[in-house]
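# Survey of secondary and tertiary structure
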Amino acid sequence: MSEQEHQEVYELMEKGNRAASSKLLLNLVMEKGSRARRVMWESFLKMRHELPKLDKILKEIEEIGPESLNHMSIFRRFTETPSELKDVQQKHKDILQKETKTLKMNTILMKKQVKHFPLVDRYAELTIISNVRDRTLVEHELLARGRDHEEWRKKHLRRELEKIRADQLFQSSFSWIGFLFQKVKSLFWQSNSGSSATVSGVPGIGKTTMVQKIVYDWASGKIYSHFQFVFSFRFRDLNIINSRINLRNLILDQYPHFDNVLGELWKNPEGLLFIFDGLDEFKDRIDFADSRRNTEPQYMCTDPEHWCEVSDIVYSLIQHKLLPGCSVLVTSRPTALHLLEKAEISVWAEILGFVGNERKEYFYKFFEDQTVAAAVIKYVEENEILYTMCYNPSCCWILGLSLGPFFKHADRKEEKVPKTVTQLYSYYIYNIMKNHSPEIENPRDVLLRLGEMAFTGISEKKIVFSNEDLIKYHLQPTQFLSGFLVELLERDDSDQSVVYTFPHLTMQEFVAALAQFLMTDTGDIPKLLSEYHNEEDGRFEIFLRFVAGLSSPHAAQPLEKFLGQFSHQTTCQVIDWVKKQVEGQIGNTEREADKTNLLNTFHYLFESQNKVLAQTTVGSVEKLTFSELRLTPIDCTVLSHVIGLCDTIKHLDLQNCYIEREGLQRLEPVLHKCVVLRLGINELHDSGVKQLLAALCNPVCRIQELGLEENILSDCGAKDLASALNTNRSLTSLNLNNNKLGDSGVKLLSEALINPDCKVQKLWLADCGLTASCAKDLAFTVSKNQSLIELNLSSNKLGDSGVKQLFAALASPDCKIQNLVLSEVGLTSSCAEDLVSMLNANRVLMYLNLGYNKLGNSGVKQLFVALSKPDCKIQRLQLCDNGVSAESMKDLASAFSTNQLLTELDLGHNKLKDLGLKLLSAGLKNPDCKIQKLRLDDTRLTDSCIDDLASALSTNRSLTGLNLELNSFTDQSVPAICRLIKNCGSLERIELWKNRFTSTGENQLKSLQDMRHGLRIIES
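Owing to the predicted nature of the structure, the values given are computational and were not obtained by experimental measurement.

### Topic: the overall build of the protein chain
Helix and strand counts for the protein chain stand at 42 helices and 27 strands. Classification of the 1020 residues of the protein chain by burial places 57% in the buried group. Of the contacts made within the protein chain by residues no fewer than 6 positions apart, 80% connect residues no fewer than 24 positions apart. Accessible surface computed for the protein chain: about 44200 Å², of which carbon and sulfur atoms make up 48%.

This is the structure in structure tokens:
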């Protein structure tokens, strides 16, 4: 390709027009002839494993073969409906169109309790991904999905996830040959298998509405034209079938117009699509792992006329045992996905909900007044908690109904607008009651009973209620035909059944929480709340947040206008319980479960909006640790709120918490209060560093230690950090390990580090993509900076040439570096003279790590000579994996006789062998040897040398740690090791794992553990 052609393709892609960019590229390749086309296909093959969709396409091409593709036109006739079925097909489509063309929405803002909108006007496209996250959940599923949602959304935006539309669930990767592909497969490979797809999503995400849209679009002729008939069922309707039934009657009960033609439909199962919505609502368990279904006749259903249980029909359709060749779509909440793990599912998909501007699109469709829509969008975007909820359409619906009234009046008061989820739901119910106030009789009693039913549902993981459930709680089904209860519990009245559901699972949880404040006999509330809090599956977590939130006057007062005073006793008990939970958890964050519990208690504090309670419980906290616990943007908002009320915070550890830039944005206002701030492994990117600038440049910034390792930072991030270093006067430690700053990034940092006002003392730049090209800048920094005492440059390709420049700077009398890490930087014996020269001149360097280089015996010998000089200040030396052998051990032993400062030595992963250890032992015998920690792991030692080592250490009074792991000691060495441990009285820890001891030998060694207090013997 010419430079101009490449530029045209690239510019289209950069502008976001990827389709046009792809078409242009393809056209260019086709014009350039067969060689170019061949290279393109070769490139596809190289890339296939990195791109799931491309790999899927190539697999299908390989499977079907070029000859079959050439004859695909033969099979187009299979999409045509037989003439004798065309009339019933049209009638079926007309009926489905009529049933699905409108979207029913309850409204608390209009006189009409239920309003119908054209589906096409109100339907907002949802993001569906062809992946499913963990199918087993051990916490509240909305929290579990919420924790991942932003990460997955960003992956989708980066094109790392394969997004599919609802009309692509039953197509191959080639949308234009989906059906034909299946047909060719069935004819050439004698397979009549249809396709089964599963779409999962949390409550309220839009699964049922998506099904409605699929049915409507098929009936309108827009999608899936290769399906001649679509049959849609809801599991909640199937629940009322209490006897055996066959597929014929199951269809006729819902679609009686098929009375005389079903026999014809069975002849062409490939033209049938069955949809089953809401597996999680099905009363029966369908066990796809049950082998009896394949062997015992009573569990098998292979004939549409055969009478059996509903569960058997569903199972047999999904597994292609009944009407093989038909296609099946099942929707489910994530909690029921485990039931399908052994099912023959071709496509697993999950609805992510709204991403990006899809949220805005929803609100603009929700409000007829676009000014109100814009105001609500602006408010939601500014309120992090509410904004993050908006990936879920049902939450958007509740937000719209609750916030709308506040923005419809010019004189609205900003401080009254809901700021927490509890306040939001409180105003939702308040608006319902306000619009129905004349007709409400004893609302407190009705809501109490409704709340009790809702709570039982939470306890039993039940979201669908029947008339019998209502009667059990003294609620008359007729009450739900009109009035305010219609808004709280939706009645789903079909020909098959009457069931009731709350508008959203969280609404059920809110009403359950509300009931706790309406009871006259409260009982032992703290005890009950503690029991709910300790439930491991997290089902009560949102309920508890609402309970805490309703203890706040801001959430309670609107409802008290219609329900009367909340129980003062309950409110006080809830506040006391939250206080005890926070105080009991605040210092206990060792395990992940402990961190999760602490985070949950912070959510309680946030929902309560009780400033006095927060300051009492966390006002004097000094350290908060959430490392390796995934935090959502909502969690970060809550954490920011708590830290904002804490006056003594010093240490905040958020390492590996997946907070990313958005989470950091929520935390930024309070980060300047911390002294130690660990933000490593959070994918902050350069944009995250920009967020951090405000905290670092804050005049009252207290940050001294900052960890930003492994955050995908580049030289752009380094530029912003350099800017901060020029103004910040508190930072003394900066960890930038495992970023890709490059030479240009380090050059920018170096310029800031030589500023005399810069206070940085410790700088970590390991694995930052550095080369010898930046050595001059580093050397200049080392020689000029008067505060820098520790520098880590490991895992960079500095080479001898780069390190020589650095050694020259370290020899400067102005250099203050005390700790230097040059592990794995490409050193060889060529730099040994410069190293020795530096050590002879330097009077401050105490720790030197040269591990994983190639100094060899010649280089190490020169180093050991330098160590023997009385002016050498090295106390800790690491030389692991440097090609050292027995040849240089005599020089090291000699250095022990004069060096009084060396206390730690690492010789691991070198081929010292038995001879080397014998020579080294001579030096260890020297009474002037002060070695405290010695590593000899993986140095090829055997039983032949253990007596020399035991003898050498018999009089040693300084050694506290000895590592002999990964060698070849056997039980023969145990007596000598026992003598060594017994005679070396200072020894506190000896590591012997991965040697060749038998269990008997290991037990002998283990028995020595009690020989003296504090001794640790690690043998396995």
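### Examining the packing of aromatic side chains
This model, assessed by the stated rule, comprises 31 aromatic pairs. Measuring from centroid to centroid gives 5.8 Å for Tyr425 and Phe510, while their planes differ by 55 degrees, and the two rings are tilted. Taken together, the residues span a long stretch of sequence, with Tyr425 in helix α18 (residues 421-436) and Phe510 in helix α22 (residues 505-516) at a distance of 85 residues. Classification of Tyr425 by relative accessible area gives buried; the value is 0%. Look at Phe510 and you get buried, because its relative accessible area is 0%. Linked through ring pairs, Phe229, Phe231, Phe233, Phe235, Tyr255, Phe258, Phe274, Phe276 and Phe282 together constitute an aromatic cluster. One residue, Lys93, lies across the ring of Trp218, its end atom 5.0 Å from the ring centre. Lying over the aromatic face of Tyr847, Arg876 brings its terminal NZ or CZ to 4.0 Å of the ring centre.

### Considerations on the environment of Ile351
Looking at the secondary structure, you find Ile351 in strand β9 (residues 347-353). In this structure Ile351 comes out as buried when scored by relative accessible area, which is 3%.

### Considerations on the nonpolar core
With 222 residues, the main nonpolar core has Phe602, Leu624, Phe626, Leu765 and Leu962 as its most contacted residues. Excluding residues that lie within four positions of it along the chain, Leu765 makes contacts with Leu736, Asn737, Leu741, Val746, Leu749, Leu770, Leu778, Asn792, Leu793, Ser794 and Asn796. Residues Phe170, Phe231, Phe276 and Val328 belong to the second largest nonpolar core, which totals 70 residues.

### Comments concerning the packing of helix α38 (residues 889-898) against helix α39 (residues 913-924)
Relative to each other, α38 and α39 sit at 10 degrees, their axes nearing to 7 Å. Looking at the two axes, α38 sits roughly parallel to α39. Contact residues: α38 offers Met889, Lys890, Leu892, Ala893 and Phe896, while α39 offers Gly916, Leu919, Leu920, Gly923 and Leu924. Grouping the constituent residues of the contact of α38 with α39 by class yields seven nonpolar, two polar and one charged.

### Section: the side chain of Ser733
Among the secondary structure elements, Ser733 is positioned in strand β17 (residues 733-735). Taking the relative accessible area as the measure of exposure, Ser733 reaches 6% and is therefore buried. Those residues in contact with Ser733 that lie beyond four places of it in its chain are Gln704, Glu705, Leu706, Lys762 and Trp764.

### Some details on the side chain of Gln212
Here Gln212 is to be found in helix α9 (residues 207-219). What Gln212 contacts, discounting residues up to four positions off in sequence, is Thr100, Thr102, Leu103 and Leu119.

### Quick word on a negative patch on the surface
Judged by side-chain charge, Asp524, Glu531, Glu535 and Glu536 come together as a negatively charged surface patch. By the secondary structure assignment, Glu531 is in helix α23 (residues 525-533). The class for Glu531 is partly exposed, based on a relative accessible area of 42%.

### A look at the confidence of the model for the protein chain
The pLDDT averaged across the protein chain works out to 85; a share of 86% of its residues lies at or above 70. Counting contacts from residues 172-192, a segment whose pLDDT is below 50, to residues more than four positions away or on other chains yields 48 contacts.

### Structural notes on the pattern of salt bridges
For the structure shown, the criterion picks out 29 salt bridges. Arg678 serves as the salt-bridge partner of Glu705, at 3.5 Å between the closest nitrogen and oxygen. Note that Glu705 is positioned in strand β16 (residues 705-707) and Arg678 in strand β15 (residues 676-678), a separation of 27 residues in sequence. Taken together, the shared-partner salt bridges connect Asp906, Arg935, Asp937 and Glu965 into one network.

### Focus on helix α32 (residues 715-727)
Look at α32: 19 Å from first C-alpha to last across 13 residues, which is about the 18 Å you get at 1.5 Å a residue. Within the span of α32, buried status applies to Gly717, Ala718, Asp720, Leu721, Ala722, Ala724 and Leu725. Along its buried surface, α32 packs onto α31 (685-696) and α33 (742-753).

### Some words on the pairing of strand β5 (residues 196-200)
Most of β5 sits out of view: five of its five residues are buried. Because side chains alternate across β5, one face comprises the buried residues Ser196, Thr198 and Ser200, and the other comprises Ala197 and Val199, equally buried. Summarising the sheet, β5 and β9 pair through four bridges and their orientation is parallel. Paired with Val199 across the two strands is Ala349, which belongs to β9.

### What about the pairing of strand β8 (residues 327-332)?
Burial runs high along β8: six of the six residues are buried. Here β8 shows a buried face lined by Ser327, Leu329 and Thr331 and a second buried face lined by Val328, Val330 and Ser332. Direction of pairing for β5 relative to β8: parallel, over a ladder of five bridges. Within β8, the position partnered with Ser200 by the bridge is Ser332.

### Let's talk about unusual backbone geometry
Residues other than glycine seldom take positive phi values, yet Glu660 does so here, at roughly 55 degrees. When its relative accessible area of 9% is taken as the criterion, Glu660 is described as buried. Positioned with a positive phi, Ser795 is a non-glycine residue whose angle comes to about 60 degrees. With respect to the secondary-structure elements, Ser795 resides in the loop between β19 (790-792) and α35 (799-810).

### Focus: the packing of helix α27 (residues 592-608) against helix α29 (residues 633-644)
Each pair of packed helices can be described by the angle between their axes along with the distance between the axes. Running from N to C, α27 and α29 point in directions that differ by 70 degrees, and their axes come no closer than 9 Å. By the angle class used here, α27 and α29 are roughly perpendicular. Judged by the twist between their axes, the crossing of α27 over α29 is left-handed. Counting all contacts with α27, which are made through Leu599, Phe602, His603, Leu605 and Phe606, the residues of α29 involved are Ile634, Asp635, Val638, Leu639, His641 and Val642. The class makeup of the residues in the contact of α27 with α29 is eight nonpolar, two polar and one charged.

### Here we look at the state of the cysteines
Considering all chains together, one arrives at zero disulfides under this definition. Cys774 takes part in no disulfide bond, and the closest cysteine sulfur, belonging to Cys768, lies 9.6 Å away.

### A word on the environment of Ala811
Note that Ala811 resides in the loop between α35 and β20 (819-821). Along the sequence, Ala811 and Ser783 sit 28 residues apart, while their C-alpha atoms lie 8.6 Å from each other. Discounting chain neighbours no more than four positions away, the residues touching Ala811 are Met838 and Ala841.

Basis of the calculations
- Residues numbered from 1 in each chain as written.
- Predicted model: local features only at pLDDT ≥ 70, side-chain atom pairs only at ≥ 80, totals over all residues.
- Heavy atoms only, no water.
- Helix = DSSP H or I, 4+ residues; strand = E, 2+ residues; numbered from the N terminus.
- Buried < 20%, exposed > 50% of the residue type's maximum accessible area, 1.4 Å probe, protein only.
- Contact = heavy atoms within 4.5 Å.
- Areas by Shrake-Rupley, 256 points an atom, 1.4 Å probe, with all protein chains shown as cover.
- Phe/Tyr/Trp six-rings, centres within 6.5 Å; stacked < 30°, edge-to-face > 60°.
- Lys NZ or Arg CZ within 6 Å of the ring centre and 35° of its normal.
- Core = buried A, V, L, I, M, F, W, Y, C linked by side-chain atoms within 4.5 Å.
- Axes fitted to C-alpha atoms, helices over the stretch in contact; angles between N-to-C directions.
- Parallel < 35°, antiparallel > 145°, perpendicular 65-115°, else oblique.
- Nonpolar A, V, L, I, M, F, W, Y, C, P; charged D, E, K, R; others polar.
- Patch = residues over 30% accessible without salt bridge, like charges linked within 9 Å, V, L, I, M, F, W, Y side chains within 5 Å.
- Salt bridge = Lys/Arg side-chain N within 4 Å of Asp/Glu carboxyl O.
- Lys, Arg positive; Asp, Glu negative; His and termini not counted.
- Charge placed at Lys NZ, Arg CZ, Asp CG, Glu CD.
- pLDDT = per-residue confidence, 0-100.
- Expected span 1.5 Å × (residues − 1).
- Pairing = 2+ DSSP bridges.
- Left-handed = near helix turned anticlockwise from the far one by under 90°.
- Disulfide = S-S within 2.5 Å.

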